[in-house]
Amino acid sequence: MSATSSPVSLHPADTLPPAVGTVLRGIPAVGGVQYAPVIRPGSRPSVESTTATAELEESRRPGEVARFTAAAAAVADRLRERAANASGAASEVLATTAQLAQDRAWIAATEKRIGQGNPAVTAVTGAVDQFVTMFTQLGGLMAERVTDLRDIRDRVIAELDGLPEPGVPVPEVPSILCAEDLAPVDTAGLDAALVVALATTLGGPTSHTAIIARQLGIPCVVAVDGLDSVAAGTMVMVDGTAGTVTVAPDEDVASRAVAVARGEADLAKSWNGPGATADGHVVAILANVQDGAAARAAAETPAEGVGLFRTELCFLNRSTEPSVDEQAQIYGEVLEAFGGSKVVIRTLDAGSDKPLKFVGHPDEANPALGVRGIRIADGNPGILTRQLEGIAAAAENTGNAPWVMAPMIATPAEAKAFAEETRAHGLVPGVMIEVPAAALLADRILEHVDFLSIGTNDLTQYTMAADRMSAELATLTDPWQPAVLALVAMAAKAGAAVGKPVGVCGEAAADPQLACVLVGLGVTSLSAAAAAVSAVGAKLSQVTLAQCQEAAAAALDTATAAEARAAAAAVLA
Ligand code: PEP
Ligand code: MG
């Protein structure tokens, strides 16, 4: 949902519906193709029309407070009941949203407004607006709660007005759920047999909608321009790989596209590695993990090792720094899961959207441009040394020697200092290329380190000057942006010149088409979420190195992400 306080309506807008065959473009979030009728979430109360009510008499205010608290409690109860009937991540999302419905701060803010004479509906709207403004200003993870807050508002208002609860209807036939944006509570508990694809007007590749679609294994396109005017019941084809929604396509064409995509999915299921192109050019396909459990799960896939172990994610809830021994034990779990195979451990990437309590983060206006990643080492003497000691101990205990890389390196001097300290611990040093400056000087950075790993998530954010968490900027934070590809090409070329490996470990490596382009640009390994490993490996096994190079050259030659995608698809299809 947008950050502005516009009236909440998930109904198609009053514009003319797109013509038959119109191809609406968005950002691909989860691959696959589906063809089915559109369903839309139930209508939500119009907030503007509910805020213009006259002031309540004093004597009616306590009753109105009671009416509000009962409505909020009823909404929370219903969500808790759904949480009890759901499982896994869906259950957690529902339980968290139930908690939000009973959050003391917003309940108190609403009661205060009623106490000042606002009717309950107006008070709810005002209180939620107050928190939306606050969360939006805080940015990052807090801004992501805005959609949840507005969802709670709509449910409580519907309850107060005696209207049916807003949300996703249960379709009678397999359908494609289209919406402006989806609250986690809408998507939690969706049945993948009935909701076969998702498309939203807002949202980015890392939005809740995309995460849930990935979990459900259904195609998903976000930030689709013009989607609001596609009415419920319209047949559409969602292509989660190309990032398109085709309105009322030719039935035969759509059915064929669905069958081809299904064939590709089947092929992915039967792909067992190791990673190589059809003509035998070897490219290691690795997994991104955040702890031992994830590494053990990844070891069940054809992943040949770990290309990115995000160590900071092990410690998000810790208020004190873990001891060297404790760190050794945690890192050892990952090394053991991939005994004898390559594991790349990243030192703490604390700060920005991943603050750690035991790292004294300064109060910053722009945390993404502030003291994060390797930059925390200066203000936290010994923190890097102790982590390297923990990693070295884990290597010793398990007999598996990892490569170690630093996040957010911006200069060759930073790379040099990190490499010296890492080598002093008997470990193989590398750095992440996430800052454009580091990509531009990759050749000079490679004088100091043994490998590079390109973090396309941050490299895209910093190249395009667009917050990776922003739904509004999803077109800019698209790793297919030719400017990002040009920087990847520079880093890969610098690696090839000195015979040192250059991998990619950002989300770009999880997109099978883009993975082929990265290989064509000269990247030597790809590391992605474990769920994406098979699809990436299978796609690569179907194309030649020459095709990858041709697709890369074609993509580099374009001016927009959409053109780059289309140019590569023409070669790789
Ligand atoms: C990246 O920036 O691409 C990356 C892999 O690091 P993270 O997503 O953890 O910031
Ligand atoms: Mg990063």
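Only a predicted model underlies this, so the values are computations on that prediction, with no experimental measurement involved.

**Comments concerning the coordination of the magnesium ion (ligand 2)**
And then number 1: Protein coordination at the magnesium ion (ligand 2): the donors are Glu434 (OE) and Asp458 (OD), at 2.0 Å from the metal. Linking glutamate 434 in the loop between β13 (428-433) and α15 (436-440) with aspartate 458 in helix α17 (residues 456-464), this pair joins segments that are 24 residues apart in sequence. Of the two residues examined, glutamate 434 and aspartate 458, each falls in the buried class.

**Considering the site of ligand 1**
And then number 1: Near ligand 1, the surroundings consist of 15 residues, among which Arg310, Arg346, Gly455, Asn457 and Arg468 are the closest.
And then number 2: The contact in question runs from an oxygen atom of ligand 1 to an N or O atom on the side chain of arginine 310, over 2.7 Å.
And then number 3: Calculation on ligand 1 without its partners gives an accessible area of 290 Å², and the protein chains cover 99% of this total.
And then number 4: Counting only elements with at least two residues in the shell around ligand 1, the list comes to β10 (305-310) and α17.
And then number 5: With 3 residues, the single largest contributor to the shell around ligand 1 is α17.
And then number 6: A class-by-class count of the residues in the shell around ligand 1 yields 3 nonpolar, 4 polar and 8 charged.

**Observations regarding the domain arrangement of the protein**
And then number 1: Examined at the domain level, the protein breaks down into domain 1 (23-43 + 167-266), domain 2 (50-161) and domain 3 (281-572).
And then number 2: Computed over C-alpha atoms, the centres of domain 1 and domain 3 are 30 Å apart.
And then number 3: Domain 1 puts 9 residues into the contact, and the matching count from domain 3 is 8 residues.
And then number 4: Of the roughly 800 Å² buried at the junction of domain 1 and domain 3 (both faces included), carbon and sulfur atoms supply 63%.

**Points about α17**
And then number 1: Here α17 lies mainly inside the structure; 8 of its 9 residues are buried.
And then number 2: Those residues of α17 that fall on the buried side of the exposure criterion are Thr456, Asn457, Asp458, Leu459, Thr460, Gln461, Tyr462 and Met464.
And then number 3: In the core, the buried residues of α17 are packed alongside β10, β13, α15, β14 (451-454), α18 (482-498) and β15 (502-504).
And then number 4: Phi turns positive, to about 50°, at alanine 465, one or two residues after α17.

**Side note on the UniProt feature "binding site: phosphoenolpyruvate" (unreviewed entry) in the protein**
And then number 1: According to UniProt, the "binding site: phosphoenolpyruvate" (unreviewed entry) feature falls on Arg310, Arg346, Asn457, Asp458 and Arg468.
And then number 2: The residues touching aspartate 458, leaving out its near neighbours within four places in the chain, are Arg372, Glu434 and Arg468.
And then number 3: Checked against the element boundaries, arginine 468 lands in the loop between α17 and α18.
And then number 4: Judged by relative accessible area, which is 24%, arginine 468 ranks as partly exposed.
And then number 5: In this structure the side chain of arginine 468 is engaged in a polar contact, spanning 3.0 Å, whose partner is the side chain of aspartate 458.

What counts, and at which threshold
Residues numbered from 1 in each chain as written. Chains lettered and ligands numbered in written order. Predicted model: local features only at pLDDT ≥ 70, side-chain atom pairs only at ≥ 80, totals over all residues. Heavy atoms only, no water. Donors = N, O, S within 2.8 Å, 3.2 Å for Na, K, Ca; no water. Helix = DSSP H or I, 4+ residues; strand = E, 2+ residues; numbered from the N terminus. Buried < 20%, exposed > 50% of the residue type's maximum accessible area, 1.4 Å probe, protein only. Near = heavy atom within 4 Å. Polar contact = N/O pair within 3.5 Å; in protein donor to acceptor, adjacent residues only side chain to side chain. Areas by Shrake-Rupley, 256 points an atom, 1.4 Å probe, with all protein chains shown as cover. Nonpolar A, V, L, I, M, F, W, Y, C, P; charged D, E, K, R; others polar. Domains from an automatic or database assignment. Contact = heavy atoms within 4.5 Å. Buried area = accessible area lost by both parts, 1.4 Å probe. UniProt positions renumbered as here; feature names shortened; annotations may be inferred.

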